[in-house]
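So you can see what is in the structure, the chains are spelled out below.
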Amino acid sequence: MNTVRDYEGYIFDLDGTIYLEENLLPGAKELIANLRAKNRKVIFLSNNPTKDPQMYADKLTRLGIPTSPSDVINTVVAMVLWLKENAVGKKIYAIAEAPLINAIKAAGFEYTENPEEIDIVIASYDRDFHWKKFQIAFDALWFYKRARLVATNPDQFCPLPGGRGEVDAGPVIAALESCTGVKCEANVGKPNKLMAELVFKLTNLKADQCIIIGDRLYTDIAMGHASGMDSALVFTGETTREMLAEAKDNFHPTYALQNVGEIL
């Protein structure tokens, strides 16, 4: 194990890093308490858009890590920010669950399921996915040829206990690109620097003062490289040591740890 140096800000992925479903991963509770006792800034960062920050804060608190929604940034927050900066006055449709759709509406955007009106199609992690949702997106992108395709996150699956997983946003993006020929032009989740910039703004810290800790090479670790942050990979989620050994240089972390508890 490499010894992790001290940082001012610690940015933690959630699924596969801090917990799996309703189970905290080894060392997570003790580590967060220790960092907070030392007045280090702790931020939780997730590519999962099926919950809003309050829901994540409630879950962490229930699991024994008291958390405020202001300490959580996820792709619901990032997508609404992207829309405000790039799609003012546009009509939105999302293959997504209620937290993202509700946040889009709350931000003042017109949400529509009429493919003749849709300007922006959002591909997302949607456990209520069904054929009608896909058809609406297909018609807006391919038949009416008016919509742009964007996404919340590139993850292929969301890890579950026992090595299982749920289909995430990545396959939805791939399917829409395949059948329409339209390329996804923006992905607001990790590894996009937008997520890191939100953290820096929230914490008033710079990249060299922070470390990102996560279980995925192509999101967590890649965002560290993209934003100039150090990174720590944990082997409690998607990535194995064999996968790390075969990874490209821009996916290599500063530290490789069995779990977050080793940061202590």
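Heads up: the structure comes first, above all this text.
The following paragraphs examine the structure supplied in this document.

### Examining the overall build of the chain
Point 1. A tally of helices and strands in the chain yields nine helices and 15 strands.
Point 2. Here the chain has a C-alpha radius of gyration of 18 Å; the compact-globule value for 264 residues is 18 Å, and the two agree.
Point 3. If you line up the chain on its principal axes, its C-alpha atoms span 55 × 35 × 30 Å.
Point 4. Within the span of the chain, comprising 264 residues, buried residues form 55% of the whole.
Point 5. When contacts within the chain are restricted to residue pairs at least 6 apart in sequence, long-range pairs at least 24 apart make up 68% of them.
Point 6. When the 28 positive and 35 negative side-chain charges of the chain are each reduced to one mean point, those points stand 3 Å apart.

### Topic: the environment of F12
Point 1. Looking at where F12 falls in the secondary structure, it is placed in strand β1 (residues 9-12).
Point 2. Exposure remark for F12: the relative accessible area of 0% places this residue in the buried category.
Point 3. Taking C-alpha positions, F12 is 31 Å from E177, a pair spaced 165 residues apart along the chain.
Point 4. Beyond its immediate stretch of four places on either side in the chain, F12 contacts I18, L31, I32, L35, V42, I43, F44, L45, I213, V260 and I263.

### Section: the pattern of salt bridges
Point 1. Counted by the stated rule, this structure contains 15 salt bridges.
Point 2. The salt bridge involving K38 is made with D6; its shortest N-O contact spans 4.0 Å. One end of the pair, K38, is in the loop between α1 (28-37) and β4 (41-46); the other, D6, is in the segment before β1, and 32 residues separate them in sequence.
Point 3. Taking relative accessible area as the criterion, K38 reaches 38% and is therefore assigned partly exposed.
Point 4. What you see here is one network of salt bridges that share partners, running through D6, K38 and R40.

### A few points about the environment of S70
Point 1. When you line up the elements, S70 lands in the loop between α2 (53-62) and β5 (72-74).
Point 2. Each C-alpha atom, one on S70 and one on D58, is 12 Å from the other, the two residues being twelve residues apart in sequence.
Point 3. Within polar-contact distance, the side chain of S70 engages the side chain of S68 at 2.9 Å.

### Focus on the side chain of E238
Point 1. Tracing the sequence through the fold places E238 in the loop between β14 (230-234) and α9 (241-245).
Point 2. The class of E238 is buried, set by a relative accessible area of 14%.
Point 3. Only 2.5 Å separates the side chain of E238 from the side chain of R216, close enough to count as a polar contact.
Point 4. When neighbours within four sequence positions are excluded, E238 is seen to be in contact with F157, D215, R216, Y218 and M243.

### Some details on the side chain of N259
Point 1. Along the polypeptide, N259 turns up in the segment after β15 (255-257).
Point 2. On the basis of relative accessibility, which here comes to 16%, the residue N259 falls in the buried class.
Point 3. In terms of polar contacts, N259 uses its side chain to reach the backbone amide nitrogen of G261, at 2.9 Å.

### Considerations on the sheet that holds β4
Point 1. The strand order across the open sheet formed by six strands is β5-β4-β1-β13-β14-β15, and the pairing between neighbours is parallel. The open sheet has two edge strands with one neighbour each: β5 and β15. Looking at each pair of strands side by side, their axes are set apart by 20° on average, direction ignored.
Point 2. Taken strand by strand, α1 contacts β1 and β4, and its axis lies near 140° from that of β4.
Point 3. Lying over the sheet, helix α7 (residues 193-203) contacts β1, β4, β5 and β13 (210-214), oriented at roughly 155° with respect to β4.

### Some thoughts on α7
Point 1. Taken together, the buried positions of α7 are L194, M195, A196, L198, V199, F200 and T203.
Point 2. Where α7 is buried, its residues touch β1, β4, β5, α3 (75-86), β13 and α8 (217-227).
Point 3. At the N-terminal end of α7, a side-chain oxygen is found 2.8 Å from the backbone nitrogen of L194, two or three residues along, and the residue is N192.
Point 4. Looking one or two residues past α7, N204 carries a phi angle of roughly 60°, positive in sign.

The rules we used
- Residues numbered from 1 in each chain as written.
- Predicted model: local features only at pLDDT ≥ 70, side-chain atom pairs only at ≥ 80, totals over all residues.
- Heavy atoms only, no water.
- Helix = DSSP H or I, 4+ residues; strand = E, 2+ residues; numbered from the N terminus.
- Rg over C-alpha atoms; globule rule 2.2 N^0.38 Å.
- Buried < 20%, exposed > 50% of the residue type's maximum accessible area, 1.4 Å probe, protein only.
- Contact = heavy atoms within 4.5 Å.
- Lys, Arg positive; Asp, Glu negative; His and termini not counted.
- Charge placed at Lys NZ, Arg CZ, Asp CG, Glu CD.
- Salt bridge = Lys/Arg side-chain N within 4 Å of Asp/Glu carboxyl O.
- Polar contact = N/O pair within 3.5 Å; in protein donor to acceptor, adjacent residues only side chain to side chain.
- Pairing = 2+ DSSP bridges.
- Axes fitted to C-alpha atoms, helices over the stretch in contact; angles between N-to-C directions.

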